[in-house]
Amino acid sequence: MRIQKFGAVVWVILSIIVLSTLPYSTILPYSNSFANNKTVDNNLDLKQLYKYVQKSDGNFDYDKSQPIYQFKQNYYPNDYDPLIKLPKKYTQPNNQFRAAWIATVAHIDFALPKNGQDYKNEINQITNNLKSWNMNAAIWQIHPTMDAFYESRLNPWSQYLTGQQGKAPNFDFNPMQYLIDKTHQAGLEFHAWLNPYRVLGLPYTDGEILKATKLTQDQMISLSTAEKLQKLNQAGVLAKNNFGVLHPEYVMDYDEHLLLNAGIPEVRQFVNDTVKEIIEKYDVDAIHFDDYFYPYGKIGTVDIDTFHKYCTAPLNCPNNPTDSDLAAWRRNNNTKLVEIIGQTIKQYNKDNQKSIQFGISPMGIWEHKANDPRGSHTPISSSETYMYQVYADTYSWVKDQKIDYIIPQIYWPFQRDAAPHGELQNWWNSVANGSRTQLYIGLPDYKYTTNSKDSPDYEAFMNPQEIGNEIKFSQLNKNISGFAHYSYNHLLKNNLNRVSSEQKKFYDIKNQHIDYLKTNYYSQMANPVPKTWLSNNEIKPVTNATKQLNPQTGKTEITWQDSPQSHQYGRFYIIYKSSKQNYEVANRQIVDRIFNDKTSQDHQLTLDGNIHDEYYVAVTDQAGIETTSLITTMPSNINNKNNLNIVWSIIISVFIIIILIVLNWFLLIKKQLWQKIKFKTRQFYKNN
C-alpha cells in the first residue's frame with residue numbers, strides 16, 4: 001500500500017509539472033467591471049479651499065483667512081453655507097468624457113486654409129494634439145451660422161472654410177469626410193457642433209460688414225430685415241441659398257443681430273432637416289448644440305406677431321401677453337426643437353443600428369432660487385437661461401431625458417460670488433441625479449489669456465490650479481462623468497517670447513495650468529462613459545489576440561482578429577496593459593483607442609511596452625458598451641514550441657508512470673514470493 005501511495009504522489013507531481021508547461025498567456029476572457037456611473041468615496045481626505053488673492057508684495061497665493069463658501073452667505077441667510085473643500089488626492093478614472101471645443105466661427109480655433117494640403121495639415125495637427133492630451137472626443141463646429149463645412153443641399157459652404165459663404169473649396173477630397181476620418185483615427189469621438197438659429201455671425205453694424213455693404217451704421221439700421229438680408233447677399237456676406245436670405249420672413253432682427261425665429265414651425269423643421277442631412281451623410285458620433293437659442297438679454301416683444309400666430313393651448317396666449325406668457329411660449333418653442341431632433345436621431349439610430357448621441361451645452365446658470373425654488377443659490381443679477389434670456393429649459397431636458405448629455409458652461413471660479421463654481425457644480429449634479437442624461441462640465445481655459453486687472457475673476461485666474469481644482473472637486477459629485485474645455489487653442493502652450501510684455505504673465509500662468517492638467521488629471525487615457533440606452537447590438541469579443549517581440553525593433557507587437565459581431569458593430573478597440581504582478585481589471589491602463597474603420601478583420605499595434613506585461617484587447621460599440629477583454633497569447637511559433645514541450649512532457653510522464661506500475665507490480669510479486677519462501681521455511685522448521 002505504501003508503494004501504491006507513493007506512485008499516486010508521483011503521478012500528482014508529474015501532472016503539476018505537465019500543467020506548468022502550458023503557455024502562461026493562455027487566452028482568458030476578463031470581464032470589464034467599469035461602472036457606468038462613478039461612485040463617490042466618502043472617505044476622501046479633504047482640505048479647505050481658500051481665496052486666491054494678490055498679496056501686498058504683488059505675488060499671488062491662497063489667503064487662509066478667507067475660506068470659500070459654496071455660495072455667498074448674505075444672499076440666502078436662512079440656508080446653511082458649507083465651506084468648499086477639495087479632495088487632497090485625484091484619481092484618474094478609466095471612464096471619463098474628455099473633449100475640447102474647436103470653434104470655427106471667426107477662426108477662433110481654425111485658421112482659413114490656403115489650399116487642400118493646408119487644410120489637411122491643420123486637421124492633422126489638431127487631432128494629433130487632442131490625442132496627445134488623452135482626449136476621447138472632439139466637438140467640431142461644422143455649422144457656425146447658416147453655413148456648412150460640408151456639401152449641403154440646405155446650407156451654403158462656410159465662409160470660415162473658403163473665405164466666402166457659398167464658395168466651394170477647390171479641394172480634391174471631401175473636407176468633412178477627411179475631418180471625421182482623422183478625428184476617428186486619433187481615437188476620438190466626432191461631435192458635430194451646430195448653432196441652430198444664428199444667421200449672421202457678427203452684428204450687422206460690424207466694421208467689416210459695413211465696409212462690404214458700403215453702408216453707414218445708421219443706413220444699415222434703418223433698413224428692414226428683408227432689405228438687410230438683400231444687401232448682405234449683394235455684398236457677398238451671405239450666399240443666395242442662405243436660409244435667411246431665402247426666407248427673410250423667418251428672420252428675427254434684434255440688437256443688431258439676425259437670427260432665425262424659433263417660434264415658426266418651418267424654422268424648427270429646417271434645423272431638424274439640417275441635422276438629418278448630417279447624420280444620413282456622415283458617420284458622426286453626436287449632434288451638439290451650444291447655448292445660443294434665443295438671444296442673451298430681454299428681447300421684449302420683437303416676436304409678438306409670431307406669438308399671436310402660433311401660440312396655442314395649453315399655453316396662455318392672451319392678446320396682451322405678459323413677459324411670463326412670452327417666456328413660457330419661447331421655452332416651449334425650444335423644447336419642441338429639442339424633441340423633434342431627438343426623435344429624428346432616435347429613429348435614425350433604430351433604422352440603421354447606430355448610436356448617435358444628442359447633446360447640448362447651455363450657460364452654467366439655469367435659474368436662480370429667488371425666481372424658482374428649483375434653481376441655484378445665485379443672485380438674480382446674474383444671467384440665467386430659463387426665465388428671461390435664451391429660454392432654454394435645460395432642467396427639464398435633463399429630468400425628462402430628452403438629450404443624452406449636457407455640458408453646462410460653468411465658466412466662473414469658486415470665489416466668484418455672482419456665479420460660484422462649487423454651488424453650480426453641486427446644483428447640476430443634483431439635477432442629473434436619477435436621469436440617464438450624462439453630465440459633463442464645461443471649463444473656461446480661455447479665461448487665462450483673456451484675463452486682466454479689470455476682470456472680476458482676475459485673481460482666481462492668476463491661479464494655475466483653478467481649473468484643476470474644479471476637476472478635483474467633481475470627485476465629490478457622483479453624476480459628473482466628464483469635462484469639455486473651451487477651447488482648443490487655449491490648450492496649447494505659448495512661446496512667452498512671442499507675446500507682449502503686458503500679456504506675458506497671463507500666458508505664463510496659462511502654460512503652468514496646461515502642465516498641471518496634463519501631469520495630474522490627463523496623464524492617463526480614459527474611455528467615455530457607456531450609454532446603455534443607445535446600444536443596439538450585442539457585440540462579441542475579438543479573437544486570436546497575440547503578442548510577440550520584434551527582435552529588430554525591440555518593440556512589442558499586438559495582433560488580433562475581429563469576430564463577425566465586433567467587425568460589424570465595433571467602434572473602438574481598447575488596448576489595456578498591466579504588469580503580470582498586478583493584472584486586476586481595476587489596475588489596467590489604457591494603451592490606445594483604435595477606430596474600427598472596417599477595412600480589415602486583422603489588426604496590429606506596435607508598442608514600446610514590455611513583452612512580459614499583460615495586454616488585453618477589448619472592443620466597444622458606438623454607445624461605448626465594452627466587451628470582455630481578451631488576454632493576448634504568445635504568437636503561434638512560440639506556442640508550437642510550448643505544444644512540443646507539452647507532448648514530450650506527456651510522453652515522459654507516461655513512460656515514468658509505466659515504469660512505476662511495472663516496478664510496483666514487480667515489488668508486489670517480489671513481496672508475495674518472499675512471503676511464500678518465509679512460509680515454506682517456517683513450515684519446514686515446524687515439521688522437522
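Source: prediction; values computed, not measured.

Now for the overall build of the protein chain. Secondary structure assignment for the protein chain yields 17 helices and 22 strands. The buried share among the 688 residues of the protein chain stands at 53%. Taking as baseline every contact in the protein chain between residues at least 6 positions apart, the subset at least 24 positions apart corresponds to 71%. Surface exposure of the protein chain reaches about 32000 Å², of which carbon and sulfur atoms provide 50%.

Here we take up the pattern of salt bridges. The full count for this structure, using the stated rule, is 15 salt bridges. Across the pair Lys354 and Asp283 runs a salt bridge whose closest N-O atoms are separated by 3.3 Å. With Lys354 in the loop between helix H11 (323-352) and strand E12 (357-360) and Asp283 in the loop between helix H9 (265-281) and strand E11 (286-289), this residue pair connects regions lying 71 residues apart in the sequence. One salt bridge connects Arg571 with Asp285, and the closest N-O pair in it is separated by 2.9 Å. Within this pair, whereas Arg571 is found in the loop between helix H16 (564-569) and strand E18 (572-578), its partner Asp285 is found in the loop between H9 and E11, the two being separated by 286 residues in sequence. In the salt-bridge network here, residues are joined through shared partners; they are Asp283, Asp285, Lys354 and Arg571.

Note on placement: Asn134 falls in the loop between helix H2 (116-132) and strand E7 (137-143). Only 3.3 Å separates the side chain of Asn134 from the backbone oxygen of Ser523, close enough to count as a polar contact. When neighbours within four sequence positions are excluded, Asn134 is seen to be in contact with Arg98, Tyr522, Ser523, Gln524 and Met525.

In this section: unusual backbone geometry. Ala313 connects to Pro314 through a cis peptide bond whose omega is 15 degrees. Its location among the elements puts Pro314 in the loop between helix H10 (304-310) and H11. Phi at Gln401 is positive, roughly 60 degrees, even though this residue is not glycine. Following the sequence through the fold, Gln401 ends up in the loop between helix H12 (394-399) and strand E13 (405-406). In this structure, Asn544 is a non-glycine residue whose phi angle is positive, near 50 degrees. For Asn544, the location among the structural elements is in strand E16 (residues 543-549). Judged by relative accessible area, which is 43%, Asn544 ranks as partly exposed.

In the contact formed by H9 and H11, the axes pass within 10 Å of each other and the chain directions differ by 25 degrees. In this view, H9 runs roughly parallel relative to H11, as classed from their interaxial angle. As H9 packs across H11, the resulting crossing turns out to be right-handed. Along the contact surface, H9 presents Arg268, Gln269, Val271, Asn272, Val275, Lys276, Ile279 and Glu280, while H11 presents Asn333, Lys336, Leu337, Ile340, Ile341, Thr344, Ile345 and Tyr348. Looking at the contact of H9 with H11 residue by residue, the classes come out as 8 nonpolar, 4 polar and 4 charged.

Right, let's talk about the layout of surface pockets for a bit. Size it by volume and the largest pocket reaches roughly 870 Å³. If you go around the largest pocket, you meet 39 residues; those closest to its centre are Arg198, Asp291, Tyr292, Tyr296 and Gln409. By residue number, the principal contributor to the lining of the largest pocket is strand E10 (residues 257-260), which donates 3 residues.

Glancing now at the sheet that holds strand E17 (residues 556-561). The pairing of strands in a sheet comes from backbone hydrogen bonds and takes either a parallel or an antiparallel form. Strand order in the open sheet formed by 3 strands is E16-E17-E20, and the pairing between neighbours is antiparallel. Only two strands of the sheet have a single neighbouring strand rather than two, namely E16 and strand E20 (602-607). Here the strands of the sheet are splayed against their neighbours by 15 degrees on average, with no regard to which way each runs. Bridge count between E16 and E17: 5 bridges; the pairing is antiparallel. Within E17, the residue paired with Thr543 across the bridge is Gln561.

What follows is about the packing of aromatic side chains. Tallied over the full model, the rule gives 40 aromatic pairs. With centroids separated by 5.1 Å and ring planes inclined at 15 degrees, the aromatic side chains of Phe171 and Phe173 adopt a geometry described as stacked. The buried category is assigned to Phe173, whose relative accessible area is 18%. Put simply, the rings of Phe110, Tyr119, Phe149, Phe171, Phe173 and Tyr178 touch in pairs and so form one group of aromatic residues. Cation over ring: Arg331 sits above Tyr386, and NZ or CZ is 4.0 Å from the ring centre. When the ring centre of Phe572 is taken as origin, the NZ or CZ atom of Arg593, which lies over that ring, is 4.4 Å away.

A few words now on helix H13 (residues 421-432). With 12 residues, H13 extends 17 Å between its outermost C-alpha atoms, agreeing within 8% with the 16 Å of an ideal straight helix rising 1.5 Å per residue. Of all 12 residues that make up H13, 11 are buried, and the element is covered over most of its length. Among all positions in H13, only His421, Gly422, Glu423, Leu424, Gln425, Asn426, Trp427, Trp428, Asn429, Val431 and Ala432 are buried. Tucked inside the fold, the buried residues of H13 contact H12, E13, strand E14 (438-443), helix H14 (466-473) and strand E15 (480-485). Just past H13, the residue Gly434 takes up positive phi, approximately 85 degrees.

Considering soluble globular proteins, one finds that nonpolar side chains tend to be buried as a cluster. Counting 127 residues, the largest nonpolar core has Trp140, Ile142, Val284, Ile287 and Phe289 as its most contacted members. The biggest single contributor to this core is H11, with 8 residues. Discounting chain neighbours no more than four positions away, the residues touching Val284 are Ile180, Phe190, Ala192, Ile278, Ile279, Ile356, Arg571 and Gln622. Counting 14 residues, the second-largest nonpolar core is a separate cluster that includes Ala99, Trp101, Ala103 and Tyr411.

The next thing to look at is the confidence of the model for the protein chain. Confidence along the protein chain averages 89 in pLDDT terms, with 85% of residues attaining 70 or more. Low pLDDT, under 50, characterises residues 14-36; the stretch is placed with 53 contacts to residues that sit more than four places away or in other chains. Note that pLDDT drops below 50 for residues 636-646; the model gives that stretch 6 contacts with residues more than four away or on any other chain.

With respect to topology, 8 strands assemble into a closed barrel ordered E6-E7-E8-E11-E12-E13-E14-E15, the strand pairing being parallel. In this fold H11 packs onto E11 and E12, with an angle of close to 155 degrees to the strand it touches most, E12.

We now examine H9. The terminal C-alpha atoms of H9, which comprises 17 residues, lie 24 Å apart, in line with the 24 Å expected from a rise of 1.5 Å per residue. Taken as a whole, H9 has its buried residues at Val267, Arg268, Phe270, Val271, Asn272, Thr274, Val275, Glu277, Ile278 and Ile279. Those residues of H9 that are buried are in contact with E7, strand E8 (189-194), helix H8 (243-246), E10, E11 and H11.

Turning our attention to a nonpolar patch on the surface. A surface patch of nonpolar side chains, amounting to about 240 Å² of accessible area, comprises Val654, Ile658 and Val662. In this fold, Val654 is placed in helix H17 (residues 636-687).

To continue, consider the pairing of strand E9 (residues 251-254). Of the two faces of E9, the one carrying Val251 and Asp253 and the one carrying Met252 and Tyr254 are both buried. Judged from the 4 bridges that link them, E9 and E10 form a sheet pairing that is antiparallel. Among the inter-strand pairings, Met252 is bridged to a residue of E10, identified as Leu259. Here E9 hands over to E10 after 2 residues, with Asp255 in that stretch at a positive phi of 50 degrees.

What counts and what doesn't
Residues numbered from 1 in each chain as written. Predicted model: local features only at pLDDT ≥ 70, side-chain atom pairs only at ≥ 80, totals over all residues. Heavy atoms only, no water. Helix = DSSP H or I, 4+ residues; strand = E, 2+ residues; numbered from the N terminus. Buried < 20%, exposed > 50% of the residue type's maximum accessible area, 1.4 Å probe, protein only. Contact = heavy atoms within 4.5 Å. Areas by Shrake-Rupley, 256 points an atom, 1.4 Å probe, with all protein chains shown as cover. Salt bridge = Lys/Arg side-chain N within 4 Å of Asp/Glu carboxyl O. Polar contact = N/O pair within 3.5 Å; in protein donor to acceptor, adjacent residues only side chain to side chain. Axes fitted to C-alpha atoms, helices over the stretch in contact; angles between N-to-C directions. Parallel < 35°, antiparallel > 145°, perpendicular 65-115°, else oblique. Left-handed = near helix turned anticlockwise from the far one by under 90°. Nonpolar A, V, L, I, M, F, W, Y, C, P; charged D, E, K, R; others polar. 1 Å grid on protein atoms, 1.4 Å probe; cavity = no way out; pocket = protein on both sides within 12 Å on 5 of 7 lines; lining within 4 Å. Points joined across faces, edges and corners; volume = space filled by probe spheres on them. Pairing = 2+ DSSP bridges. Phe/Tyr/Trp six-rings, centres within 6.5 Å; stacked < 30°, edge-to-face > 60°. Lys NZ or Arg CZ within 6 Å of the ring centre and 35° of its normal. Expected span 1.5 Å × (residues − 1). Core = buried A, V, L, I, M, F, W, Y, C linked by side-chain atoms within 4.5 Å. pLDDT = per-residue confidence, 0-100. Patch = residues over 30% accessible without salt bridge, like charges linked within 9 Å, V, L, I, M, F, W, Y side chains within 5 Å.

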